[in-house]
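Working through the structure, step by step
Below, each chain spelled out in residue letters.
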Amino acid sequence: MLNIVLFGPPGAGKGTQSKKLVNEYNLVHLSTGDLLRSEIKEGTELGLRAKVLMDEGRLVPDEVVIGMIRNKLNANPNAEGFIFDGFPRTEKQAEALDNLLTEVNESITRMIALEVEDAELVERLLERGKDSGRADDQDENVVKNRLKVYQDETAILKNYYQSQSKFTSINGFGSIDEVFERLSNSIRAAKEV
Ligand code: B4P
């Protein structure tokens, strides 16, 4: 199986590139952001609780997102692989993901990080906020808080995957196709290891 963690700060292009990778490699796309937004849309209790945190740019509790990923892994027993987009975001989530995959004799193939400067990230997210309807993309203070949360709580995961020799970082600046080409090269290399 090919199990890729697509990593990077908010707005780095994870969701955008995941959609392209899914087509190319026949993977199941698991985005915790998308799963949470669909809970919000359906007005579930989980969604209502998550919305308050997401609108402020804060992380949703680990147990909630781990539970969602567990359900999706169980629902796709015949998948050729997964692309994890926006998950894990904390060390606890990374450990839980390793445990869930170990239970089915699987593991993460590679974490690939998209590197983009903060000024470009803020610009991209505010641009998307003009028509995405996402409250967390519309307020510059919330966008900046999301970048801070990433630095404070998520960026450290590089070390987690580096210590397993599974970390690669690529330049996420450039056209969507240029970034995709870089990503595809990294995945090709990861498959050959
Ligand atoms: P996410 O949905 O994961 O959103 P995101 O980090 O903003 O990235 P996204 O994937 O959507 O954007 P992309 O970079 O593709 O998280 C939202 C919230 O959910 C979090 O703040 C948190 O509250 C909660 N949450 C989610 N997962 C969680 C977890 N595991 N634990 C706890 N809480 C969790 O694209 C951004 C924009 O850039 C797009 O408009 C795109 O068109 C544009 N773009 C992409 N590539 C570009 C390029 N190369 N050039 C120019 N523009 C580009």
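Residue numbering note: each chain is counted from 1, following its sequence as written. Given that the model is predicted, a residue must reach a pLDDT of at least 70 before its local features are reported, and side-chain atom pairs must reach 80 or more before they are shown or counted; all residues, however, enter totals for whole chains, interfaces and linings. Water and hydrogen atoms play no part in the side-chain values, which are based on all heavy atoms of the structure.

**Structural notes on the environment of serine 169**
Looking at where serine 169 falls in the secondary structure, it is placed in strand 5 (residues 167–171). For serine 169, a relative accessible area of 37% translates into the label partly exposed. Through-space distance from the C-alpha of serine 169 to that of arginine 182 is 9.9 Å; in sequence the pair is 13 residues apart. Polar side-chain contacts of serine 169 include one of 3.4 Å to the side chain of glutamate 115. Only runs of H or I of at least four residues qualify as helices and only runs of E of at least two qualify as strands under DSSP, and these elements are numbered from the N terminus. Think of it in three bands: residues with accessible area under 20% of the maximum for their type are buried, residues over 50% are exposed, and the middle band is partly exposed, with areas taken using a 1.4 Å probe on protein chains only. Polar contacts here mean pairs of N or O atoms no more than 3.5 Å apart (in protein, one a potential hydrogen donor and the other a potential acceptor; neighbouring residues in sequence count only if both atoms are side-chain atoms).

**Considering the site of the ligand**
Any residue with a non-hydrogen atom lying within 4 Å of a molecule or strand is treated as near it. Residues in close proximity to the ligand total 28 residues, the closest being Gly13, Thr32, Arg58, Arg146 and Gly174. Here threonine 32 contributes a side-chain N or O atom positioned 2.8 Å from a nitrogen atom of the ligand. Taking arginine 89, its side chain carries an N or O atom lying 3.0 Å from a nitrogen atom of the ligand. To be clear on the numbers: accessible area is Shrake-Rupley with a 1.4 Å probe, and residue cover counts the displayed protein chains and nothing else. When the ligand is considered free in solution it has 1,000 Å² of accessible area, and contact with the protein chains removes 88% of it. Of all the secondary-structure elements, those providing two or more residues to the shell around the ligand are helix 1 (14–25), helix 2 (32–42) and helix 6 (118–132). Counting residues per element, the shell around the ligand draws most heavily on helix 2, at four residues. Of the residues assigned to the shell around the ligand, the class counts are nine nonpolar, 10 polar and nine charged. Gly counts as polar in this scheme, as do all residues outside two lists: the nonpolar Ala, Val, Leu, Ile, Met, Phe, Trp, Tyr, Cys and Pro, and the charged Asp, Glu, Lys and Arg.

**Looking at unusual backbone geometry**
Proline 88 follows phenylalanine 87 through a cis peptide bond whose omega is 0°. Note on placement: proline 88 falls in the loop between strand 3 (81–85) and helix 5 (91–103). With phi around 60°, asparagine 26 is a residue other than glycine that occupies positive phi space. Here asparagine 26 shows up in the loop between helix 1 and strand 2 (28–31). Its identity as a non-glycine residue notwithstanding, serine 165 has a phi of 55°, on the positive side.

**Some thoughts on the nonpolar core**
Counting 32 residues, the largest nonpolar core has Leu36, Ile69, Leu73, Phe84, Leu97 and Tyr161 as the members making the most contacts within it. Taken together, the elements giving at least two residues each to this core come down to strand 1 (2–7), helix 2, helix 3 (45–55), helix 4 (62–75), strand 3, helix 5, strand 4 (110–115) and helix 8 (157–162). If one sorts the elements of this core by residue count, helix 4 sits on top with six residues. Ignoring any residue separated from it by four or fewer positions in sequence, one finds isoleucine 69 in contact with Leu30, Thr32, Phe84, Phe87, Leu97 and Leu100. Grouped together as the second largest cluster of nonpolar side chains are 21 residues, Ile4, Leu21, Ile83 and Leu183 included. Buried Ala, Val, Leu, Ile, Met, Phe, Trp, Tyr and Cys residues form a nonpolar core when they are joined through side-chain atoms within 4.5 Å. Any pair of residues with heavy atoms lying within 4.5 Å of one another is described as a contacting pair.

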